[in-house]
Amino acid sequence: LFLATLTYDTLRFEYEDFPETKEPVWILGQKYSVFTEKEEILLDVTSRLWFTYRKNFPAIGGTGPTSDTGWGCMLRCGQMIFAQALVCRHLGRDWRWIKGKRQMDNYFNVLNAFIDKKDSYYSIHQIAQMGVGEGKSIGQWYGPNTVAQVLKKLATFDTWSSLAVHIAMDNTVVMEEIRRLCQSNFPCAGAAACPAVESEVLYNGYPEEARVRDRLSLWKPLVLLIPLRLGLTEINEAYIETLKHCFMMPQSLGVIGGKPNSAHYFIGYVGEELIYLDPHTTQPAVEPGESGCLPDESFHCQHPPCRMSIAELDPSIAVGFFCKTEEDFNDWCQHIKKLALVRGVLPMFELVERQPSHFSNPDVLNLTP
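So, here is what we can say about the structure in this document. Keep in mind that this is a model prediction, so the values were computed, not measured.

### Here we look at the pattern of salt bridges
Turning to step 1, where the next piece is worked out: Inspection of every chain in the model, using the stated rule, returns 16 salt bridges.
Turning to step 2, where the next piece is worked out: Between Asp44 and Arg48 there is a salt bridge whose closest N-O contact spans 2.8 Å.
Turning to step 3, where the next piece is worked out: Relative accessible area serves as the criterion here: at 0%, Asp44 is assigned to the buried category.
Turning to step 4, where the next piece is worked out: Judged by relative accessible area, Arg48 falls into the buried class, the value being 1%.

This is how it looks when you write it as structure tokens:
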């Protein structure tokens with residue numbers, strides 16, 4: 001594909017398309033100036049894992065589709081938001097992908113978790129087959145809530161990442177539920193009581209000091225996904241400022257949503273425009289090379305990111321956040337509480353200490369048909 005073969009020289013030329021504006025550019029919690037940091041903006045965007053339609057992968061379920069063109073866009077967006085969580089978990093938010101530079105093993109471990117084959121943790125195969133349990137036949141289109149529910153189920157098998165995934169329903173984030181989830185599954189109160197064998201299994205692949213540090217921590221890294229409906233058929237403009245603030249928080253994983261039946265992964269904004277990665281490009285499935293190394297260039301979008309007016313956003317979205325530590329979560333809660341006090345800003349969801357008595361659990365969060 002032409003877009004996948006742009007060189008860095010072409011990029012510098014193409015990048016002039018980005019608006020010359022005094023407005024800051026926000027990408028997943030990091031702030032940039034168009035005038036002085038164009039290269040940094042581009043490098044940040046290129047470093048995100050970009051998942052698109054693929055063709056000629058092994059048949060899903062052995063006899064199913066060998067391409068997800070036309071139906072897999074929200075599944076790919078789910079992969080992108082989750083890949084960002086794994087990057088933050090294993091590589092850090094400041095990690096960058098540089099073409100031709102040898103990457104660390106953990107990078108390939110993250111990438112391998114999403115490759116199009118049945119035994120990858122978060123492959124299109126796993127998502128499509130797990131979706132059957134959510135009432136979606138293979139090849140059927142997903143909404144943001146469905147893909148979030150499926151990813152939560154798949155994450156339980158990913159012992160390497162050991163994530164706590166919480167999906168906040170009814171526009172309500174219950175702090176008590178999250179603390180209970182993130183502090184669960186720890187067999188011992190003190191590090192000394194932990195059997196060495198258990199830690200070897202749980203933290204296989206970690207450097208020694210990281211293993212000790214994680215054993216001392218009593219907090220599983222949190223992926224928080226919040227499915228929301230911000231209007232009936234179009235986005236209520238009262239939510240726009242709050243949505244922008246989500247991209248400004250250091251815990252931001254971005255937003256999955258899009259236009260009706262056309263999903264995008266939103267990673268930031270500038271002015272009144274959202275910045276996003278678009279899965280609607282069909283690339284051939286990737287096979288590991290003879291050395292076992294995975295050719296990875298097609299998983300990084302090497303042209304300027306797409307932009308669209310915030311007003312065009314379908315009202316059905318899911319917002320994502322990653323809190324590696326309890327301190328991160330407390331900091332995120334403070335951000336949300338402060339935001340609720342800003343005049344003229346309508347909260348998109350409620351943050352409460354305990355579960356309200358009126359809780360119900362309707363699944364009404366698919367994108368507008």
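Additional details are given in the paragraphs that follow.
### Here we look at unusual backbone geometry
Turning to step 1, where the next piece is worked out: A positive phi angle, close to 45°, is found at Ser162, a residue other than glycine.
Turning to step 2, where the next piece is worked out: Examined against the element boundaries, Ser162 turns out to sit in the loop between helix H6 (144-155) and strand E4 (164-167).
Turning to step 3, where the next piece is worked out: Owing to a relative accessible area of 16%, Ser162 belongs among the buried residues under this scheme.

### Some points on helix H11 (residues 326-340)
Turning to step 1, where the next piece is worked out: The end-to-end C-alpha distance of H11 is 21 Å, a good match for the 21 Å that 15 residues give at a rise of 1.5 Å each.
Turning to step 2, where the next piece is worked out: Three or more residues of H11 are buried, namely Phe329, Trp332, Cys333, Ile336 and Leu339. Along the long axis of H11, the arc covered by the buried residues comes to 125°, so they all point the same way. Seen from the buried face of H11, the exposed residues on the opposite side, beyond 90 degrees, are Glu327 and Lys338.

### Thoughts on the environment of Ala318
Turning to step 1, where the next piece is worked out: As for its placement among the helices and strands, Ala318 is situated in strand E12 (residues 316-323).
Turning to step 2, where the next piece is worked out: Spatially, the C-alpha atoms of Ala318 and Gly254 are 8.8 Å apart, while their sequence positions differ by 64 residues.
Turning to step 3, where the next piece is worked out: Dropping the residues within four chain positions of it, Ala318 is found in contact with Pro144, Ile226, Pro227, Gly254, Val255 and Ile256.

Each value, and the rule that gives it
- Residues numbered from 1 in each chain as written.
- Predicted model: local features only at pLDDT ≥ 70, side-chain atom pairs only at ≥ 80, totals over all residues.
- Heavy atoms only, no water.
- Salt bridge = Lys/Arg side-chain N within 4 Å of Asp/Glu carboxyl O.
- Buried < 20%, exposed > 50% of the residue type's maximum accessible area, 1.4 Å probe, protein only.
- Helix = DSSP H or I, 4+ residues; strand = E, 2+ residues; numbered from the N terminus.
- Expected span 1.5 Å × (residues − 1).
- Arc of directions from axis to C-beta.
- Contact = heavy atoms within 4.5 Å.

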